[in-house]
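# Topology and contacts: notes
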Amino acid sequence: MFLRLIGYLFGIGTLLGIVVLGGVGWYVSNLAKDLPDYEVLNAYEPPVTTRIHAATGDLMAEYAHERRLYLPIQAVPDLVKNAFLSAEDKNFYSHKGIDPEGLARAIITNLKNLGSDRRSIGASTITQQVAKNFLLSNERTIDRKIKEAILSLRIEQAYSKDRILELYLNEIFLGLGSYGIAGAALTYFDKSVNALELHEAAYLAALPKAPNNYHPFNKTEDAIERRNWVIDRMVTNGYVTAEAAEEAKAKPLSVNPRRRSTYLASSEYFSEEVRREIVERYGEDALYEGGLSIRTTLDPYMQVEAQKALRHGLIQYDQQQGFRGAVKTIDTSGDWGAALGEVEAYSDVKEWRLAVVLAAAEDEVSIGLQPSRTVSGDLSDERDLGRITLENMAWAKRYVDEDGKIRNAKAASDFLSVGNVIYVEALGEDQQGEYRLRQPPEVQGAMVAMDPHTGRVLAIAGGFSFSQSQFNRATQAYRQPGSSFKPFVYAAALDNGYTPSSVVLDAPIKVDTGGLGIWEPKNYGNGYAGPSTLRRGIERSRNLMTVRLAKDMGMPLVAEYAERFGIYDHLLPVLAMSLGSGETTVLRMAAAYSVLANGGKQIKPSFVDRIQDRYGKTIFRHEERICETCSADSWNGQEEPELIDSREQVLDPMTAYQITSMMEGVVQRGTATSVQVLGRPVAGKTGTTNDEKDAWFVGYTPDLVAGVYIGYDNPRPMGRGSTGGHLAAPVFTEFMAAVNEGRKPVDFRVPRGIKLIPINAKTGLEASPGEEGVILEAFKPGTAPPTVFSVIGFEDMVGDSNITVSPDANRAILSGTGGLY
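On a predicted model such as this, the values are computed, not experimentally measured, just so you know. (Residues numbered from 1 in each chain as written. Predicted model: local features only at pLDDT ≥ 70, side-chain atom pairs only at ≥ 80, totals over all residues. Heavy atoms only, no water.)

### What about helix H2 (residues 78-88)?
Condition: Summary of the burial criterion: residues with accessible area below 20% of their type's maximum are buried, those above 50% are exposed, and those between are partly exposed, where the area comes from a 1.4 Å probe applied to protein chains only. Segments assigned H or I by DSSP are reported as helices when at least four residues long, segments assigned E as strands when at least two residues long, and all are numbered from the N terminus.
The element H2 is largely enclosed, with a buried count of nine among its 11 residues. Of the residues making up H2, those classed as buried are Val-80, Lys-81, Asn-82, Ala-83, Phe-84, Leu-85, Ser-86, Ala-87 and Glu-88.

Here is the structure:
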């Protein structure tokens, strides 16, 4: 009877077991039906950081939603792999996706911790974490854990252990916005993974479970404790010796967070221009997730010098306008350092610091400098002091009072008081504690430097400070170029039958503009010089001559050339436009001058040399010239490689040289004589718009073009004498002097066929032996100096198109011109 009862109970138990197992099987089977396809791991392309580099390879900027750099498993050092295996899954290379030993250990540990405040520990293997991170959600449910286990078993069957570990190490979030071990190594330690030391690798391996719980600054003690636990596990697993472990555990975290966004000095405007180009070309996802590698055209040294030269020019002009007052005023009765620390300074003007006036006397002020910040972002406890003598802020004695009126001070206390927050700059190491007063300029400007042969933009300064204003005035500000446009009017003339010795009347002119009334252009200074050669007209920047020349040619021709050079997309063919009254950018002007410098070849300005995708494939290259023999393995007596240049010839090379020679005269005898200090061949042109609202200079040597403009963002007069020659040309000169230091001067290349003939600089007639005022002028084949004195535009004075006088250059006198000569 008893045995029968046992058999009965066994049968019932067996039946119940079968039912339970069947139910579990049915339950698991249903869950398995809805599992995501693990084969998507084959096409895994995580969001990867896009990196922008200078032409030298220096890192300029990084852009990412998730700061990640993908590393193949072969590139991951054993030290790093062993640290993560010890922390997360020591049996990874032996289990099949689920670790029974680890599961049992977790169950026992969690049972022991019942009733305590300790959080339960998990037993997920690295494979399970891959399944969860890639294919499932983070919800803490039984369903998700079962799905995770099933997927882990399948993943193990489909992929190698190294592939699974590679996916894991590149996907995990490790805090401070970093994803994957390569991104985290850079973010936390500013190092590549190959440069990580034991204590650093162990700290990164401590982070996957909960990065915020082991924050290097907010929870330093917990972070060190967790890191040391990882190191101990590495010892237990035989990856490091006990001695190495003790040495590593004795070290601090040594976290040194990497700077975000821009890394190369003064490159912010350039980086932002590239960022906009990439977004326009490929979209935001490609920029922030595509892992592009972008090699730009930027020359780091030229970039620093361009920004420096522009700042010097802006500061010099701004200081002449007087001191406009403090940045703000704070209370200095308590901890002035804390209050000053809340004021945001320009992060990209490294030479300047914010300071607060602590005492103001007649001949000096005492200042407290803004405290620096620690790596954690907290203000330093140190409080540095200094002083500014009246001598080092003499320019500020001319100041603007509360009513906007200019005042002249006698004492420092007249324009500075306690609590004023100001910018200062250290005088030098030999004058510790001594500073000069600085002021962010109101006036702005821009500069572009370019290789005229390729269109590669080598440097760009879009304003005084990117922190002050991210508006890039080199590419986004449309300004009137004024007389810096004139070379293209003259180039159109030289390309269509005129010569540098052609004579145009420089005299008053009235133009009937139809419904807009009569337009009477003036020369700068309101004078006029009578009949003058084209060369003299461009050297002296004669407005009246330019208008007459444009009228004689016809403005449609001028407009065609302006559009051909890329200065304007569409130029209204009215005479006022011949004086540069249409708006354009510094970049466009520099590109147009590049055509003159390179012999008339069309160029496309480019900030980017090459773009590669995440796999290293080149998807864009700026260089379009072809060189079929450049890839030869060795030289066996063959001809030198030849570049096939298919770019459009937009200007006759001889015309380009003629206008270049004429603009050399601008530097030698004209409106930009200050540029002569460079001591090398330079061609260029100044530009000044009405009421001195814009000041320009664009110039070039045989292999470098630079363009500069200075003006207020909301155009307003800068004051009498604020011309291109006085404001913009010195910026150009400072830049060119710096970047050409130590380089041998190179003459402009003279095209074959050009004839250099001595002419009288005033009359344009061929010079006689021994004659004074003679220059060598460039003439194309089939052209020569005139044999008679002919004046273009004389009909405006006497009703006839030309006037002829004796060919004797020394007696070239016009009758009845009212002394215009």
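### Things to note about helix H18 (residues 555-564)
Put simply, the rule is: Directions drawn from the helix axis to the C-beta atoms are what define this arc. We call two residues in contact when some of their heavy atoms are within 4.5 Å.
Of the residues making up H18, those classed as buried are Met-555, Val-558, Ala-559, Tyr-561 and Ala-562. Buried residues along H18 cover an arc of 165° about the axis, so they all sit on one side. Taken together, the buried residues of H18 touch helix H15 (486-494) and helix H17 (543-553). Where H18 terminates, the next one or two residues include Gly-566, which has phi positive at roughly 85°.

### Some remarks on the pairing of strand E18 (residues 608-612)
Operational definition: Paired strands, in this sense, are two strands between which DSSP finds at least two bridges.
E18 sits mainly inside the fold: four of its five residues count as buried. Pairing of strand E3 (residues 293-296) with E18 involves four bridges; the strand directions are antiparallel. Paired with Thr-296 across the two strands is Val-608, which belongs to E18. Where E18 meets strand E19 (residues 618-621), three bridges bridge the pair, whose relative direction is antiparallel.

### Regarding the packing of helix H7 (residues 180-189) against helix H8 (residues 198-205)
Using the following cut-off: Angles here are taken between N-to-C directions and fall from 0 to 180 degrees, while the axes themselves are lines fitted to C-alpha atoms, restricted in helices to the stretch in contact. Crossing handedness is defined as follows: a turn of the near helix away from the far one that is anticlockwise and smaller than a right angle gives a left-handed crossing, while the clockwise case is right-handed. Ten residues, namely Ala, Val, Leu, Ile, Met, Phe, Trp, Tyr, Cys and Pro, are considered nonpolar, four, namely Asp, Glu, Lys and Arg, are considered charged, and the remaining ones, Gly among them, are considered polar.
The geometry of H7 relative to H8 is characterised by a closest axis approach of 11 Å and an angle of 115° between their N-to-C directions. Note on packing geometry: the crossing formed by H7 with H8 is right-handed. On the side of H7, the interface is formed by Ile-181, Ala-184, Ala-185, Tyr-188 and Phe-189, while H8 contributes Glu-200, Tyr-203 and Leu-204. Residues belonging to the contact of H7 with H8 are distributed by class as follows: seven nonpolar, no polar and one charged.

### Details of the sheet that holds strand E21 (residues 695-701)
Ordered by their spatial adjacency, five strands build an open sheet running E13-E12-E22-E21-E20, and the pairing between neighbours is antiparallel. Strand pairing shows two members of the sheet lacking a second neighbour, strand E13 (457-461) and strand E20 (683-688), which therefore form its edges. Between one strand axis and the next, the sheet turns through 5° on average, direction left out of account. Relative to E21, E20 runs antiparallel, the two being bridged by six bridges.

### Regarding the pattern of salt bridges
Note the cut-off: The working definition used for a salt bridge is a side-chain nitrogen of Lys or Arg within 4 Å of a carboxyl oxygen of Asp or Glu.
Scanning the entire structure with this criterion turns up 39 salt bridges. With its nearest N and O atoms 3.1 Å apart, the salt bridge here joins Asp-335 to Arg-383. Highlighted residues: Asp-335 in the loop between strand E4 (328-329) and helix H14 (336-341) and Arg-383 in the loop between strand E6 (364-369) and strand E7 (385-389), separated in sequence by 48 residues. Judged by relative accessible area, which is 45%, Asp-335 ranks as partly exposed.

### Topic: the confidence of the model for the chain
Formally: For every residue, the predictor reports its confidence as pLDDT, a number between 0 and 100.
Mean pLDDT over the chain: 87, with 87% of residues reaching 70 or higher. For the stretch residues 798-821, pLDDT sits under 50, and the model shows 51 contacts to residues farther than four places along the chain or on other chains.

### Looking at the pairing of strand E14 (residues 503-506)
The side-chain alternation of E14 yields two buried faces, one formed by Val-503 and Leu-505 and the other by Val-504 and Asp-506. Here two bridges tie E14 to strand E25 (residues 791-792), and the two strands are oriented parallel to one another. What sits directly across from Val-504, in E25, is Ile-792.

### A word on the sheet that holds E19
The sheet built from five strands is open, its strands ordered E2-E1-E3-E18-E19 with mixed pairing. Lying at the two open borders of the sheet, with one neighbouring strand each, are strand E2 (59-63) and E19. Across the sheet, the axes of successive neighbouring strands diverge by a mean angle of 15°, strand direction being ignored. Across the sheet, helix H11 (residues 268-282) is in contact with strand E1 (50-53), E2, E3, E18 and E19; its angle to E2 comes to roughly 45°.

### Here we look at the side chain of Asn-523
By the secondary structure assignment, Asn-523 is in the loop between strand E16 (518-519) and strand E17 (530-533). In contact with Asn-523, other than residues within four places in its own chain, are Asp-506, Tyr-528, Arg-542, Asn-543 and Leu-544.

### Let's talk about unusual backbone geometry
Backbone geometry at Leu-176 places phi at a positive 55°, although glycine is not the residue there. Looking at where Leu-176 falls in the secondary structure, it is placed in the loop between helix H6 (161-171) and H7. Within the chain, Ser-541 stands out as a residue other than glycine whose phi angle is a positive 55°. Structurally, Ser-541 can be placed in the loop between helix H16 (534-539) and H17. Judged by its relative accessible area of 12%, Ser-541 falls in the buried class.

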